[in-house]
Amino acid sequence: MPVRRLPVRPHLDQLHRQAKELLRAIHAGDANAIAELREHHPGSIDPSSTKLADAQLVLARSYQASSWTRLVHAARLADAIWRDDIDTVRALVTSDAGLIQENVLIRTDSHWGPPMTYAANLGRDRIIRFLQSQGARDFESAAGRAALQGKADTVRMIWDLAGRPSPETQGWGLASPAYTLSVEGTAVLFALGARVDGPHGVDTNAIEHLLGTDSRNPPAKHRILEMWIEHGFEPPDTPLMALHRGRLDLLEAHLTRDPDLLTRTFDITDVFPLAPACSREPYTAQGTPVHGTTLLHIAAYFDELEIAEWLLDRGMDPDAPAATDADGFGGYTALFSTVVSQHN
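Since the structure is predicted, the reported quantities are computational estimates derived from the model, not experimental observations.

Here's the deal with the nonpolar core
- Ranked by size, the top nonpolar core spans 100 residues in total, and within it L71, V89, L131, I158, W228, F272 and L311 carry the most contacts.
- When residues of this core are assigned to their parent elements, the largest contribution, nine residues, is made by helix α4 (residues 68-82).
- When near neighbours in sequence (up to four residues on either side) are disregarded, V89 contacts L77, A80, I81, I127, F130 and L131.

Shown next as structure tokens:
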């Protein structure tokens, strides 16, 4: 049976249409629709006697909602937060206090979280304050999502509401804004006391999110890495880290020391230093595999156009092939990395 997932901004009209379409399919004897009826309806009813209310319940449960009413509340609550409609939010959570603790999109794998966290994604500060007054306490996830979305003022407000905790000890880490390459989110977390390193050394989770992200914005990534360095991060002195930082001067120095730099291929652990999760195969955020590739492949993979031009100006062969693995895959040029990608 299909597993339905509410989109980030569900529309109630669309859910009503889906319920009516499901009812028509059941009455028409569609095998999949009848199987859904059997799976999600608590009673044993004849498909020909199925009512709209039955189809609505089946649809709701296919979205992991307990009832049609719960599904409607999810759509109305999400819409109200998007529209910054605090009156509707107030009415919904007053009529059903449990909504404050449950994921707005119902499914447990939704990163948009409960209402406070959902509102933090959008910078809906009035709604966040109201929800906090009603008992919402998902401060950490709310702050993380606000930082991820670059909502610096919202991060500061949540920090105040949470009692000004120490970000370095309360989980307000740098991984969220690293993933979206948010300079603003990174800056506000540093201003509140976040650290790149911790009790066990460098925060590999944050580095994995920064270097392994499927977002692409080289200037923002360069700035975030320099901010990390300003706050104590000591990057390895490698050609690949120079590429991540966008530092042509450092690449020039590496080329002076290693004349074979432009013909070398690099291991995946070179591409993702200090980021062990990114170095394990298969790494799902990759479009084109980067193991056994040249600097030009890697520059293309990360959208580092200035570095790619610099490499070509220094005489790098644009047709240099990647290594071929044991299964015979490989041998592609850097052009392949510009076409087969997985950008967010």
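Describing the pattern of salt bridges
- A full pass over the atoms with the stated rule returns 18 salt bridges.
- Ionic pairing is found between R195 and D197, a salt bridge with its closest N-O pair at 2.9 Å.
- Judged by relative accessible area, which is 33%, D197 ranks as partly exposed.
- The partner of E230 in a salt bridge is R223, with the nearest N and O atoms 3.0 Å apart.
- One network of salt bridges, in which partners are shared, links R9, D79, R83 and D85.

So, empty space enclosed by the protein
- All chains considered together, the criterion is met by one cavity of 30 Å³ or more.
- For the largest cavity, the full set of lining residues is L181, L210, L211, T213, S215, R216, N217, P218, K221 and F302.
- Per-class residue counts for the lining of the largest cavity are five nonpolar, three polar and two charged.

Remarks on the packing of helix α15 (residues 248-257) against helix α18 (residues 305-313)
- Between α15 and α18, the shortest axis-to-axis distance is 11 Å and the interhelical angle comes to 30 degrees. Comparing the axis directions of α15 and α18 gives the class roughly parallel. For the crossing formed where α15 meets α18, the hand is right-handed. In contact with L248, L251, E252 and L255 of α15, α18 contributes E306, I307 and W310.
- Here the contact of α15 with α18 is composed, by residue class, of five nonpolar, no polar and two charged.

Brief notes about the packing of aromatic side chains
- Counted according to the given criterion, the structure contains seven aromatic pairs.
- Through a chain of ring-to-ring contacts, three or more aromatic side chains come together here, namely W82, W112 and Y118.

Some thoughts on a nonpolar patch on the surface
- Taken together, the side chains of F329, L335, F336, V339 and V340 define a hydrophobic patch exposed on the protein surface, amounting to about 460 Å² of accessible area.
- Mapped onto the fold, F336 is located in helix α19 (residues 334-339).

Quick notes on the rules
- Residues numbered from 1 in each chain as written.
- Predicted model: local features only at pLDDT ≥ 70, side-chain atom pairs only at ≥ 80, totals over all residues.
- Heavy atoms only, no water.
- Core = buried A, V, L, I, M, F, W, Y, C linked by side-chain atoms within 4.5 Å.
- Buried < 20%, exposed > 50% of the residue type's maximum accessible area, 1.4 Å probe, protein only.
- Helix = DSSP H or I, 4+ residues; strand = E, 2+ residues; numbered from the N terminus.
- Contact = heavy atoms within 4.5 Å.
- Salt bridge = Lys/Arg side-chain N within 4 Å of Asp/Glu carboxyl O.
- 1 Å grid on protein atoms, 1.4 Å probe; cavity = no way out; pocket = protein on both sides within 12 Å on 5 of 7 lines; lining within 4 Å.
- Points joined across faces, edges and corners; volume = space filled by probe spheres on them.
- Nonpolar A, V, L, I, M, F, W, Y, C, P; charged D, E, K, R; others polar.
- Axes fitted to C-alpha atoms, helices over the stretch in contact; angles between N-to-C directions.
- Parallel < 35°, antiparallel > 145°, perpendicular 65-115°, else oblique.
- Left-handed = near helix turned anticlockwise from the far one by under 90°.
- Phe/Tyr/Trp six-rings, centres within 6.5 Å; stacked < 30°, edge-to-face > 60°.
- Patch = residues over 30% accessible without salt bridge, like charges linked within 9 Å, V, L, I, M, F, W, Y side chains within 5 Å.
- Areas by Shrake-Rupley, 256 points an atom, 1.4 Å probe, with all protein chains shown as cover.

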